[in-house]
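What the coordinates show
One-letter residues, chain by chain:
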Amino acid sequence: MAAGPQVPRPAENFAVQTGPDKYIWLSDYPGETIILAFILTDCTHCQFTTGLLNGIQRDYSDCGVQVIETAIDTMSSLHIPDFQKKFQPAFPLGYDELKYATKFLGYPETEPMFAPQLVFIDRTGIIRVQFGGDNPALDKSIQDATLRAALDKTLREGRPPVPAKKQ
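All figures in this text were calculated on a predicted structure; none of them were measured in a lab.

**With respect to the nonpolar core**
If you look at the biggest cluster of nonpolar residues, it comprises 18 residues, and the most contacted ones within it are Ile-35, Leu-53, Leu-118, Phe-120, Phe-131, Leu-147 and Leu-151. Counting only elements with at least two residues in this core, the list comes to β4 (33-39), α1 (44-60), β5 (65-71), β7 (117-121), β8 (126-131) and α4 (143-157). Grouped together as the second largest cluster of nonpolar side chains are 17 residues, Ile-24, Ile-68, Val-119 and Ile-121 included.

If you want it as structure tokens, here you go:
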């Protein structure tokens with residue numbers, strides 16, 4: 001089973017293209033916890049995950065959580081309008097080249113990568129959790145619980161340390 005590099009690790013400043021010469025960057029969300037999802041627009045598993053991420057965005061937005069999704073299939077920019085209309089993501093959706101995404105995720109170019117790919121980045125810019133589409137924890141029957149548990153873990157680990165009480 002393919003599994004990206006070890007976590008935790010610092011997240012590089014990744015860009016998601018949202019239109020011709022338009023990008024959003026991870027650095028556009030300082031101090032926020034980010035779930036960065038890499039999808040294929042025609043993948044039913046990815047479509048299911050998008051629905052779950054809509055609920056997570058709604059439920060956790062007051063906690064400083066931002067979901068961002070990027071399509072990495074060939075010619076994905078052409079598929080985005082229909083995907084948005086059908087699944088109505090409650091978060092930014094864009095597209096990227098597969099090679100760029102693969103590098104960010106830490107996969108060798110020759111290794112298969114299964115969609116969706118999900119990366120949980122804490123408020124300090126550290127990747128705390130990473131899931132590949134072939135991970136059994138992303139089975140549809142338990143995926144919502146898996147994603148929420150990973151997000152809760154990321155929120156806890158990204159908190160600033162509590163200062164020791166003075167005696």
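Still more to cover.
**Let's talk about the pattern of salt bridges**
For the structure shown, the criterion picks out six salt bridges. For the salt bridge of Lys-99 with Glu-109, the shortest nitrogen-to-oxygen distance reads 4.0 Å. Of this pair, Lys-99 sits in helix α3 (residues 98-105) while Glu-109 sits in the loop between α3 and β7; the two residues are ten residues apart in sequence, bridging distant segments of the chain. Across the pair, exposure class does not vary: Lys-99 and Glu-109 are exposed alike. One salt bridge in this structure joins Asp-122 and Arg-128, with 2.7 Å as the shortest N-O distance.

**Points about the environment of Ala-137**
Positionally, Ala-137 belongs in the loop between β8 and α4. In this structure the C-alpha to C-alpha distance between Ala-137 and Tyr-60, which are 77 residues apart in sequence, comes to 21 Å. In this structure, Ala-137 is in contact with Phe-131, Ile-142, Gln-143 and Thr-146, ignoring residues within four places of it in sequence.

**Overview of the pairing of β7**
Taking burial as the measure, the five residues of β7 include five buried ones, the bulk of the element. When β4 meets β7, the two strands line up antiparallel, connected through five bridges. Bridge pairing links Leu-36 to Val-119 in β7. For β7 and β8, the ladder comprises four bridges, and the chain directions are antiparallel. The residue bridging Ile-121 from the neighbouring strand is Ile-127, located in β8.

**Observations concerning unusual backbone geometry**
In this chain, Val-7 is followed by Pro-8 through a cis amide linkage whose omega measures 5 degrees. Counting through the fold element by element, Pro-8 comes out in the segment before β1 (9-10). Here the amide bond leading from Ala-115 into Pro-116 is cis, since omega sits at 0 degrees, within 30 degrees of zero. Phi is positive for Asp-21, which is not a glycine, with a value near 60 degrees. The topology assignment puts Asp-21 in the loop between β2 (15-19) and β3 (22-25). A positive phi angle is found at Met-75, which is not glycine, with a value near 60 degrees. Of note, Met-75 is situated in the loop between β5 and α2 (76-87).

What counts as what
Residues numbered from 1 in each chain as written. Predicted model: local features only at pLDDT ≥ 70, side-chain atom pairs only at ≥ 80, totals over all residues. Heavy atoms only, no water. Core = buried A, V, L, I, M, F, W, Y, C linked by side-chain atoms within 4.5 Å. Buried < 20%, exposed > 50% of the residue type's maximum accessible area, 1.4 Å probe, protein only. Helix = DSSP H or I, 4+ residues; strand = E, 2+ residues; numbered from the N terminus. Salt bridge = Lys/Arg side-chain N within 4 Å of Asp/Glu carboxyl O. Contact = heavy atoms within 4.5 Å. Pairing = 2+ DSSP bridges.

This is a description of form; function is not addressed.
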